[in-house]
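Working through the structure, step by step
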Amino acid sequence: MHRYFVYIMTNSGHSALYTGVTSDLEKRVDQHRKGTADSFTSKYKIVKLVWYVETSDVYSAIAEEKRIKGGSRKKKIDLIESMNPKWEELLPG
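Just so we're clear, the structure is a prediction, and the values are computed from it rather than from any experiment.

1. Section: the sheet that holds strand 2 (residues 17-22)
Ordered by their spatial adjacency, three strands build an open sheet running 2-1-3, and the pairing between neighbours is antiparallel. Of all strands in the sheet, those with a lone pairing partner are strand 2 and strand 3 (48-55), marking the two edges. The average undirected angle you get between the axes of adjacent strands in this sheet is 15 degrees. When strand 1 (residues 4-10) meets strand 3, the two strands line up antiparallel, connected through seven bridges.

2. Re the packing of aromatic side chains
Both the distance between ring centres and the angle between the ring planes are used here to describe each pair of aromatic rings. What the rule picks out here adds up to four aromatic pairs. Their ring planes at 45 degrees and their centres at 6.2 Å tell us that Tyr7 and Tyr18 sit as a pair that is tilted. Here Tyr7 is found in strand 1, whereas its partner Tyr18 is found in strand 2, with 11 residues between them in sequence. Taken individually, Tyr7 and Tyr18 each receive the classification buried, so the pair is uniform in this respect. Linked through ring pairs, Tyr7, Tyr18, Phe40 and Tyr44 together constitute an aromatic cluster.

What counts and what doesn't
- Residues numbered from 1 in each chain as written.
- Predicted model: local features only at pLDDT ≥ 70, side-chain atom pairs only at ≥ 80, totals over all residues.
- Heavy atoms only, no water.
- Pairing = 2+ DSSP bridges.
- Helix = DSSP H or I, 4+ residues; strand = E, 2+ residues; numbered from the N terminus.
- Axes fitted to C-alpha atoms, helices over the stretch in contact; angles between N-to-C directions.
- Phe/Tyr/Trp six-rings, centres within 6.5 Å; stacked < 30°, edge-to-face > 60°.
- Buried < 20%, exposed > 50% of the residue type's maximum accessible area, 1.4 Å probe, protein only.

Below, the structure written as structure tokens:
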């Protein structure tokens, strides 16, 4: 069974939000933390995993990522706070 993750990360001040999809959540979060993932996450120092969901279907993962990215900042915040009201780091490292 394959595993896919849709996730939201933020910076220390929660001023920037990044939504992504991956098949290896730990590896991808590590890339963001090291600044090797992409220019946006490197520029805004996106280092904190605050929300994620897992699925076995890559197409539903991609669709969910697009849905979240197309939503407002408020909708993203509401989604994060429904799972993680204190915005705690979900993948210590």
